[in-house]
Amino acid sequence: MSISHAPPGSPKADISVISKDGQAVPALEPIVPTSTRRTRVPRWLRRTSGPVLLLLLWQLLSSTGVLTSDVLASPGRIAQVARDLVADGSLPNAMGVSLQRVAVGLLFGAVIGTGLALVSGLFRAGEDLVDASVQMLRTVPFVGLIPLFIIWFGIGEAPKIAIITLGVSFPLYLNVYAGIRGVDSQLIEAGESLGLSRWGLVRHVVLPGALPGAMTGLRYSLGIAWLALVFAEQINADAGIGFLMVQARDFLRTDVIVVCLIVYAFLGLLADFVVRSLERLLLQWRPTFTGR
């Protein structure tokens, strides 16, 4: 068997295989999956086209007078206000205070939620003691507990941290618990047949299997953390992004309110990007569908 090539000047240089009987048989060509083909439009351009079009529509409605400044300030005005707030240091200081509150509340909530999920997911006795109580508490609106937290902890930082911690704990608990109980039983049997101890099964089988659920719970918890911060900072706050919003509301400054909302959205998007990057790093072993 030999391989023959078409002349270089031919319209299509196909590779053919000559069999033993002297007949030319076309060689097989590798098939490239459609998901790996490059698209003409870069993905970052497609992802940013929606927000850019929305921004252009907003500016058009403001320029034509459909949206007045009393209802919603124009994008140009909001950009100018944001520059002024950054220049006088009001916005960076407020962002620093809000980030600190979210970080502390997220840390406490992650420890509590993950710890309860491990106790409830790994032990049947722990499930009997913990799960029913957590399921009852998570149905209580955490925002409605703000007055009670103020009575318990005063009007300082403690009630704000407590409300963020409470909002963060439940999504992490539910997703980590579901991840632990969703581990394939055949993997457990395989680990036992290899001689792994109980701790070895937890370390090498159960916890890696529950990691995707934990990362999903962390993403949910981050979103709820910023939502809880919005409520917490608008009650007896003397610093933070929510404090700027309360001041802007008192003076009917819609431009400052929109700037604060954009900052909330940007910080939430940044936090989600960090978690997604961490997810790609820790879950390289898991094949996923990326869309077509």
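Refer to the structure above for everything that follows.
What comes next concerns the included structure. (Residues numbered from 1 in each chain as written. Predicted model: local features only at pLDDT ≥ 70, side-chain atom pairs only at ≥ 80, totals over all residues. Heavy atoms only, no water.)

**Some remarks on the layout of surface pockets**
Size it by volume and the second largest pocket reaches roughly 430 Å³. Taken together, 14 residues form the lining of the second largest pocket, with Gly121, Leu122, Ile188, Arg198 and Val206 sitting closest to its centre. Those elements that place two or more of their residues in the lining of the second largest pocket are helix H3 (90-122), helix H6 (158-181), helix H7 (185-193) and helix H8 (198-233). Of the residues forming the lining of the second largest pocket, the biggest block, 4 residues, is contributed by H8. (1 Å grid on protein atoms, 1.4 Å probe; cavity = no way out; pocket = protein on both sides within 12 Å on 5 of 7 lines; lining within 4 Å. Points joined across faces, edges and corners; volume = space filled by probe spheres on them. Helix = DSSP H or I, 4+ residues; strand = E, 2+ residues; numbered from the N terminus.)

**Examining the packing of helix H2 (residues 75-87) against helix H10 (residues 254-282)**
When two helices pack together, their arrangement is given by the angle between the helix axes and the distance between those axes. Relative orientation of the contacting elements H2 and H10 amounts to 75°, with a least axis distance of 9 Å. In this view, H2 runs roughly perpendicular relative to H10, as classed from their interaxial angle. Seen from H2, the contacting residues are Arg77, Ile78, Val81, Ala82 and Leu85; seen from H10, they are Asp255, Val256, Val258, Val259 and Ile262. Its residues assigned to classes, the contact of H2 with H10 shows 8 nonpolar, no polar and 2 charged. (Axes fitted to C-alpha atoms, helices over the stretch in contact; angles between N-to-C directions. Parallel < 35°, antiparallel > 145°, perpendicular 65-115°, else oblique. Contact = heavy atoms within 4.5 Å. Nonpolar A, V, L, I, M, F, W, Y, C, P; charged D, E, K, R; others polar.)

**Some points on H6**
Its 24 residues give H6 an end-to-end C-alpha distance of 34 Å, which sits within 8% of 34 Å, the value for a rise of 1.5 Å per residue. By the criterion of burial, H6 is predominantly enclosed, with 19 of the 24 residues buried. (Expected span 1.5 Å × (residues − 1). Buried < 20%, exposed > 50% of the residue type's maximum accessible area, 1.4 Å probe, protein only.)

**So, the side chain of Ser62**
Take Ser62: it is sitting in helix H1 (residues 43-63). Relative accessible area serves as the criterion here: at 15%, Ser62 is assigned to the buried category. Excluding anything up to four places from it in sequence, Ser62 contacts Leu67, Ala73, Ser74 and Pro75.

What is shown is where atoms sit, not what they do.
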